[in-house]
Amino acid sequence: MRCFFFDRCPLAVEGTCDREDPPIRRLGEGHAIECHRSEREFMH
Ligand code: SF4
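Residues numbered from 1 in each chain as written. Predicted model: local features only at pLDDT ≥ 70, side-chain atom pairs only at ≥ 80, totals over all residues.

Visitor: Just to check I follow, could you spell out the overall build of the chain for this structure?
Guide: Secondary structure summary: the chain contains 1 helix and 2 strands in total. Written out in order from the N terminus, the α and β elements of the chain read β-β-α. For the chain, the spread of C-alpha atoms along the three principal axes comes to 30 × 20 × 15 Å. (Helix = DSSP H or I, 4+ residues; strand = E, 2+ residues; numbered from the N terminus.)

Visitor: Would you mind showing me how to read the pairing of strand 1 (residues 24-28) here?
Guide: Each regular strand shows side chains that alternate between the opposite faces of the sheet. For strand 1, the tally of buried residues reaches only 0 of 5 residues, placing the bulk of the element at the surface. Connecting strand 1 to the next strand, strand 2 (residues 31-34), in antiparallel fashion are 2 residues, including Glu29 with a positive phi near 55 degrees. (Buried ≥ 20, exposed ≤ 12 C-beta atoms within 10 Å, placed from the backbone. Pairing = 2+ DSSP bridges.)

Visitor: Would you mind going over the environment of Ile33 with me for this structure?
Guide: Mapped onto the elements of the fold, Ile33 is located in strand 2. Separated by 11 residues in sequence, Ile33 and Pro22 have C-alpha atoms that sit 8.9 Å apart.

Visitor: I'm lost on the site of the ligand in this one. Help?
Guide: Lining the immediate surroundings of the ligand are Cys3, Phe5, Phe6, Cys9, Leu11, Ala12, Val13, Cys17, Pro22, Cys35, His36 and Arg37. Split by residue class, the shell around the ligand holds 10 nonpolar, 1 polar and 1 charged. (Near = placed C-beta within 6 Å. Nonpolar A, V, L, I, M, F, W, Y, C, P; charged D, E, K, R; others polar.)

Visitor: Please explain the pairing of strand 2 as it appears in this structure.
Guide: As defined by bridge partners, strand 1 adjoins strand 2 across 4 bridges and the pair is classed as antiparallel. Looking at strand 2, one finds that Arg25 is bridged to Ile33.

Visitor: I tried to follow the environment of Asp21 on my own but got confused; where do I start?
Guide: Positionally, Asp21 belongs in the segment before strand 1. Sequence spacing of Asp21 and Met1 is 20 residues, and the spatial spacing of their C-alpha atoms is 5.0 Å.

See the structure below:
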């Protein structure tokens, strides 16, 4: 399933974000993100 943010994400990757479930990554302390981009790319 496509990422929930695909339509408004400036970093959306066509062909990936609109087709595949983003992987869940835990960032510790109860935080988690679901994104195909790396944490570094996403924080820009
Ligand atoms: S997976 Fe990440 S980069 Fe892709 S649309 Fe969703 S939030 Fe944006």
